[in-house]
Amino acid sequence: MRPLIVALALLLASAGTATAKPPLWRVYDNSLQGAKYIDLTHTLTPHIPVWAGFGPATFSATVNPSTGQPYTYAHDGFEATHYDLPTDQFGTQLDPPAHWAPEYAAIDELPPTFAVRKLVVISIVKQVKKDFNHQMTVADVKRWEKHHGRIPAGSVVMVRSDWSKRWPDPALSKLTEFPGVTLAALKFLHHKRHILFHGHEPLDTDSTPTLEGEHWLMHHGFAQAEGVANLDKVKPKGCLIEIGYPKFGGGLGGYARFIAICPPSWKHGVSVGQVPESPLQKYASDLHWNPSLGMRVR
């Protein structure tokens, strides 16, 4: 009888283990499912700001090489898009250090541990209103810490300037003065706070003639984010950031998708289950090619 009792006990124990929810699934159910998700990414179009040295992008319908004709829903049952992108430094992006320093990691060599991090948002909006060319200083960083506590090691620090509120005005790429980050602040964040990387709204790190901040970052093996959007909708502390980008072999820039994940009580963002996901939304109007815009629209 005793062996039978032991066997039943082991069976029940194994059944309990099989039905127990794995720890990371509990994290999702308890924290992430009800969180607010905020897209920090600009939509790529042929008309967004880009450095004149790279030139504009063009979109077109993908052509069947056998016929020379574009694929169509009516004839082929599907369509596809050909993108002529002059650079991988385009739109919202994640710069690997190999952009300037070939001895460091290219975009495909960034580790998968970049995927999810604590997110810090430091606002310099008040300073920028007084001086559009304001470059974030160490004092700005310490002021944030006075109100919110020490910046966590390994976190991502985004610098909010509201520069992106003028997006997609092409004139943005021609500005010689714009909000940025001082070299001293970058050194402080990396050497004293040991962050993963920082990001900013403009398409360059700073407005110095030599881009001294970007030069220092790249040549010391640090990545950075550029062209970031919607930082005005993110809490200064307490959120996470999810990072995604295509893995081009030897790529020197990354078309990135940044998503802020904020607490359920936050006033901005959308939660799982609030929008159609599977199936996705069916729209009242079909996508169609707009020749004047050079892209598909609804």
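Shown above is the structure to which this text applies.
We now turn to the structure provided with this report. (Residues numbered from 1 in each chain as written. Predicted model: local features only at pLDDT ≥ 70, side-chain atom pairs only at ≥ 80, totals over all residues. Heavy atoms only, no water.)

1. A word on the environment of Cys239
Inference 1: Residue placement: Cys239 occurs in strand E11 (residues 239-244).
Inference 2: What makes Cys239 buried here is its relative accessible area of 3%.
Inference 3: Spatially, the C-alpha atom of Cys239 lies 25 Å from that of Arg166, the residues being 73 residues apart in sequence.
Inference 4: Apart from residues no more than four positions distant in its own chain, Cys239 is found in contact with Arg117, Lys118, Leu119, Val234, Ile261, Cys262 and Pro263. (Helix = DSSP H or I, 4+ residues; strand = E, 2+ residues; numbered from the N terminus. Buried < 20%, exposed > 50% of the residue type's maximum accessible area, 1.4 Å probe, protein only. Contact = heavy atoms within 4.5 Å.)

2. Section: the nonpolar core
Inference 1: Counting 25 residues, the largest nonpolar core has Leu40, Leu94, Leu119, Met158, Phe197, Val234 and Phe258 as its most contacted members.
Inference 2: Secondary-structure elements contributing two or more residues to this core are strand E5 (116-123), strand E7 (156-160), E11 and strand E13 (257-262).
Inference 3: Here Leu119 is in contact with Val156, Met158, Val234, Pro236, Lys237, Gly238, Cys239, Leu240, Ile241 and Ala260, once residues within four sequence places are set aside.
Inference 4: Val128, Val157, Val181 and Leu186 belong to the second largest nonpolar core, which has 20 residues in total. (Core = buried A, V, L, I, M, F, W, Y, C linked by side-chain atoms within 4.5 Å.)

3. So, unusual backbone geometry
Inference 1: Residue Pro168 is bonded to the preceding Trp167 through a cis peptide linkage, with omega at 10°.
Inference 2: Backbone torsion omega between Ser278 and Pro279 reads 5°, so that peptide bond is classified as cis.
Inference 3: Its place among the elements puts Pro279 in the loop between E13 and strand E14 (288-290).
Inference 4: Positive phi, close to 70°, is recorded for Asp162, a residue that is not glycine.
Inference 5: With respect to the helices and strands, the residue Asp162 is situated in the loop between E7 and strand E8 (180-181).
Inference 6: The class of Asp162 is buried, set by a relative accessible area of 18%.
Inference 7: Even without a glycine there, the phi angle at Asn230 is positive, about 60°.

4. A look at the pairing of E11
Look at any regular strand and the pattern is simple: side chains alternate between the two faces of the sheet.
Inference 1: Residues Cys239, Ile241 and Ile243 of E11 are buried on one face, while the alternating residues Leu240, Glu242 and Gly244, pointing to the opposite face, are not.
Inference 2: Where E5 meets E11, four bridges bridge the pair, whose relative direction is antiparallel. Of the residues in E11, the one forming a bridge with Arg117 is Ile241.
Inference 3: With five bridges joining them, E11 and E13 adopt antiparallel strand pairing. Bridge pairing in E13 places Gly244 opposite Arg257. (Pairing = 2+ DSSP bridges.)

5. Side note on the state of the cysteines
Inference 1: Summed over all chains, the structure comprises one disulfide.
Inference 2: With its sulfur 2.3 Å from that of its partner, Cys239 forms a disulfide with Cys262. Here Cys239 and Cys262 share a disulfide; its torsion about the S-S bond, 110°, makes the bridge right-handed. Linking Cys239 in strand E11 with Cys262 in strand E13, this pair joins segments that are 23 residues apart in sequence. Summarising the burial analysis for this pair, Cys239 and Cys262 share the class buried. (Disulfide = S-S within 2.5 Å.)

6. A closer look at the pattern of salt bridges
Close approach of charged atoms allows side chains of opposite charge to pair.
Inference 1: Scanning the model with the defined rule gives nine salt bridges in all.
Inference 2: Two residues, Lys165 and Asp232, come together in a salt bridge whose shortest N-O distance is 2.9 Å. In this pair, Lys165 sits in the loop between E7 and E8 while Asp232 sits in the loop between strand E10 (224-226) and E11, placing the two residues 67 residues apart along the sequence.
Inference 3: Judged by its relative accessible area of 53%, Lys165 falls in the exposed class.
Inference 4: When the shortest N-O distance is used, the salt bridge between Lys233 and Asp232 registers 3.8 Å.
Inference 5: With relative accessibility at 31%, the residue Lys233 sits in the partly exposed group.
Inference 6: Assessed through its relative accessible area of 25%, Asp232 is described here as partly exposed.
Inference 7: What emerges from the salt-bridge pattern is a single network uniting Lys165, Asp232 and Lys233. (Salt bridge = Lys/Arg side-chain N within 4 Å of Asp/Glu carboxyl O.)

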